[in-house]
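Topology and contacts: notes
The residues making up each chain are set out below.
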Amino acid sequence: DEHTGEYTIEQLKEIAIQIYKWRRQGLDVYAYILNDLEPTQSVLSSPKKVPASKMKVKDPWEKWCAMPKNAKQLEKLVYELSNERVPTAPKQQKSTLLNFFGKK
């Protein structure tokens, strides 16, 4: 795959439908999103020239670079097709580096 930009929602929906079908067959499905690591143009600037930090977004990953953003979008689409909740990650943040090193 020579794709180097951000996948569209329509492209991700097609992929999600195929993953959904495989899961319904009882198959374990692993997906890898291959694209660039640069922030997408929509993140860098918006038509109204609103700074990215002040943009109102539906999901937290809307401001992310293309690869992790597309991965989260695909995950959400797949689980929505199955009427399932997106599972939580196996490891959750319990503390910060400040907590680890302590206050001085």
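Residues numbered from 1 in each chain as written. Predicted model: local features only at pLDDT ≥ 70, side-chain atom pairs only at ≥ 80, totals over all residues. Heavy atoms only, no water.

**Observations concerning the environment of Gln73**
Mapped onto the elements, Gln73 comes out in helix α3 (residues 66–81). The exposure class of Gln73 is buried, given its relative accessible area of 8%. Taking C-alpha positions, Gln73 is 9.2 Å from Lys13, a pair spaced 60 residues apart along the chain. (Helix = DSSP H or I, 4+ residues; strand = E, 2+ residues; numbered from the N terminus. Buried < 20%, exposed > 50% of the residue type's maximum accessible area, 1.4 Å probe, protein only.)

**Considering the pattern of salt bridges**
Once the charged atoms of two side chains with opposite charge are near each other, the side chains can pair. Taken as a whole and assessed by the stated rule, the structure comprises 2 salt bridges. The shortest N-O distance in the salt bridge between Glu84 and Arg23 comes to 3.2 Å. With Glu84 in the loop between α3 and α4 (97–101) and Arg23 in helix α1 (residues 9–24), the pair connects residues that are 61 residues apart, well separated along the chain. With relative accessibility at 37%, the residue Glu84 sits in the partly exposed group. Residue classification places Arg23 among the partly exposed positions, given a relative accessible area of 27%. A salt bridge links Glu75 to Lys72; its shortest N-O distance comes to 2.9 Å. With Glu75 and Lys72 both in helix α3, this residue pair falls 3 residues apart, about one helical turn. For Glu75, a relative accessible area of 24% translates into the label partly exposed. (Salt bridge = Lys/Arg side-chain N within 4 Å of Asp/Glu carboxyl O.)

It is worth stressing that arrangement in space is one thing and function is another; only the former is reported here.
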